[in-house]
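Examining the three-dimensional arrangement
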Amino acid sequence: MRVYVPLTLSGLAAAHGAGEVGPGPLTAYAVTPGLREWYVSDDIEELEYAALNRAAAASLRMIAGKPDEVRRRVVVAVDVPDGAAVADPDQGLSAASLGEVRIAAALPLAKAAAVHVDADDAEKDVAAAAAALGAADLGDDDAQFTVDGAGDHELLWFGVQEIPQLIG
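Here's what I pulled together on the structure shown here.

Definitions and cut-offs
Residues numbered from 1 in each chain as written. Predicted model: local features only at pLDDT ≥ 70, side-chain atom pairs only at ≥ 80, totals over all residues. Heavy atoms only, no water. Patch = residues over 30% accessible without salt bridge, like charges linked within 9 Å, V, L, I, M, F, W, Y side chains within 5 Å. Areas by Shrake-Rupley, 256 points an atom, 1.4 Å probe, with all protein chains shown as cover. Salt bridge = Lys/Arg side-chain N within 4 Å of Asp/Glu carboxyl O. Lys, Arg positive; Asp, Glu negative; His and termini not counted. Charge placed at Lys NZ, Arg CZ, Asp CG, Glu CD. Helix = DSSP H or I, 4+ residues; strand = E, 2+ residues; numbered from the N terminus. 1 Å grid on protein atoms, 1.4 Å probe; cavity = no way out; pocket = protein on both sides within 12 Å on 5 of 7 lines; lining within 4 Å. Points joined across faces, edges and corners; volume = space filled by probe spheres on them. Nonpolar A, V, L, I, M, F, W, Y, C, P; charged D, E, K, R; others polar. Contact = heavy atoms within 4.5 Å. Polar contact = N/O pair within 3.5 Å; in protein donor to acceptor, adjacent residues only side chain to side chain. Axes fitted to C-alpha atoms, helices over the stretch in contact; angles between N-to-C directions. Parallel < 35°, antiparallel > 145°, perpendicular 65-115°, else oblique. Buried < 20%, exposed > 50% of the residue type's maximum accessible area, 1.4 Å probe, protein only.

**Here's the deal with a negative patch on the surface**
- Judged by side-chain charge, Asp121, Asp125, Asp148, Asp152 and Glu154 come together as a negatively charged surface patch.
- The residue aspartate 152 is located in the loop between helix H5 (141–151) and strand S9 (156–158) in this model.

Right, here's the structure in full:
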């Protein structure tokens, strides 16, 4: 099963230094039954893209909580054994937790399939989205529009061997 772990650039640097994403338990995103039902799709690529976007939104929340963090969303895609990622059955179709899974232990960075990171030109929109997140959570439509603007930027794909350049 492929899981998408939200991070920040400093979190990616820490994972690179430790050789693992962790410690556990970790929150990640994956193609869960709830995500499948919500998106009503059988296209695995489309569903994985939805899980990646859920992780990118979680990365934005991490960034918003760290004023000194670089304003670029980071998601690490890792293949884990079936059963290693567990969805909370009590969440059901809660929009807030679609695709969310828990992983008990740290994930070796060597098992990562890819790293997804915003391009430099996304930083302004990601910064605005991070600043507007609280107001958006309270129902402010203008703030939600700003938060959605970060999602207009596609995350770039990088191989694991490119991490030193991303964090350098």
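Continuing now.
**Side note on unusual backbone geometry**
- The omega torsion across glycine 22 and proline 23 is 10 degrees, close enough to zero to call that bond cis.
- By secondary structure assignment, the location of proline 23 is in the loop between strand S2 (20–21) and strand S3 (26–29).
- Residue proline 25 is bonded to the preceding glycine 24 through a cis peptide linkage, with omega at 0 degrees.

**A few points about the layout of surface pockets**
- In this structure, the largest pocket spans a volume of roughly 490 Å³.
- Lining the largest pocket we find 20 residues, and of these Asn53, Arg54, Ala57, Ala58 and Val147 sit closest to its centre.
- When residues of the lining of the largest pocket are traced back to their parent elements, those giving at least two are helix H3 (44–64), helix H4 (123–137) and H5.
- With eight residues, H3 is the single largest residue contributor to the lining of the largest pocket.
- Of the residues assigned to the lining of the largest pocket, the class counts are 12 nonpolar, three polar and five charged.

**Looking at the environment of glutamate 100**
- Relative to the helices and strands, glutamate 100 is located in strand S6 (residues 100–103).
- In this structure, the C-alpha to C-alpha distance between glutamate 100 and glycine 22, residues 78 residues apart in sequence, is 16 Å.
- Non-local contacts of glutamate 100, meaning those with residues more than four positions away in its chain, are made with Thr27, Ala28, Tyr29, Thr32, Ala87 and Asp88.
- Here the side chain of glutamate 100 touches tyrosine 29 through a polar contact of 3.4 Å, side chain to side chain.

**Remarks on the packing of H3 against H4**
- Contact geometry of H3 with H4 gives a least axis separation of 9 Å together with a crossing angle of 90 degrees. Considered as vectors, H3 and H4 are oriented roughly perpendicular to each other. In this structure, H3 uses Leu60, Arg61, Ile63 and Ala64 to contact H4, whose residues at the interface are Val126, Ala129, Ala130, Leu133 and Asp137.
- Grouping the constituent residues of the contact of H3 with H4 by class yields seven nonpolar, no polar and two charged.

**Side note on the side chain of arginine 71**
- Here arginine 71 lies in the loop between H3 and strand S4 (74–79).
- Although arginine 71 lies buried, it forms no salt bridge, and the closest oppositely charged side chain, glutamate 69, sits 6.6 Å away as judged by the N-O distance.
- From its side chain, arginine 71 meets the backbone oxygen of isoleucine 63 in a polar contact 2.9 Å long.
- The residues contacting arginine 71, other than those within four sequence positions of it, are Ile63, Ala64, Lys66, Glu123, Val126, Ala127 and Ala130.

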